[in-house]
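The lines below spell out each chain.
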Amino acid sequence: MSEWIKCSERLPDEDKSALVLQEGNDVCEYLVIQAAIFEGNWYADHENGLIDYDDRLLVDLWQPLSLPASF
């Protein structure tokens, strides 16, 4: 598995999905979600492909998605 990468060091290509580490809530300290950068900002990936500009994510760490070789 890949190591977490600081956003200040580098970012994935635009529209390329990645796993991101985001501050959590009252239930858990951190959340790991699938997200992508669109127009310079992080947004959660959604099945319908629609982006709500009010749902921008604050992300400090990310890692590329890795699929099995047989996928």
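Here is a short report on the structure shown in this document. (Residues numbered from 1 in each chain as written. Predicted model: local features only at pLDDT ≥ 70, side-chain atom pairs only at ≥ 80, totals over all residues. Heavy atoms only, no water.)

### Observations concerning the overall build of the protein chain
Step number 1: When its secondary structure is counted, the protein chain shows zero helices and five strands.
Step number 2: Reading the protein chain from its N terminus to its C terminus gives the helix and strand order β-β-β-β-β.
Step number 3: Each of the 71 residues in the protein chain was classed as buried or not, and the buried ones make up 23%.
Step number 4: The long-range share in the protein chain, meaning contacts at least 24 apart out of those at least 6 apart in sequence, stands at 45%.
Step number 5: Surface exposure of the protein chain reaches about 5,700 Å², of which carbon and sulfur atoms provide 49%. (Helix = DSSP H or I, 4+ residues; strand = E, 2+ residues; numbered from the N terminus. Buried < 20%, exposed > 50% of the residue type's maximum accessible area, 1.4 Å probe, protein only. Contact = heavy atoms within 4.5 Å. Areas by Shrake-Rupley, 256 points an atom, 1.4 Å probe, with all protein chains shown as cover.)

### Focus: the sheet that holds strand 2 (residues 18-23)
Step number 1: Read from one edge to the other, the open sheet built from five strands follows the order 1-5-2-3-4, with strand pairing classed as antiparallel. The open sheet has two edge strands with one neighbour each: strand 1 (5-6) and strand 4 (41-44).
Step number 2: Across six bridges, the pairing between strand 2 and strand 3 (residues 30-38) is antiparallel. Considered in strand 3, the bridge of Ala 18 is made with Ala 35. (Pairing = 2+ DSSP bridges.)

### Quick word on the pairing of strand 4
Step number 1: Examined bridge by bridge, strand 3 and strand 4 share four bridges and lie antiparallel to one another. Bridged to Ala 35 within strand 4 is Ala 44.
Step number 2: Here strand 3 folds back onto strand 4 in antiparallel fashion, the turn holding two residues, of which Glu 39 has a positive phi close to 50°.

### Quick notes on the side chain of Gln 22
Step number 1: Take Gln 22: it is sitting in strand 2.
Step number 2: With relative accessibility at 17%, the residue Gln 22 sits in the buried group.

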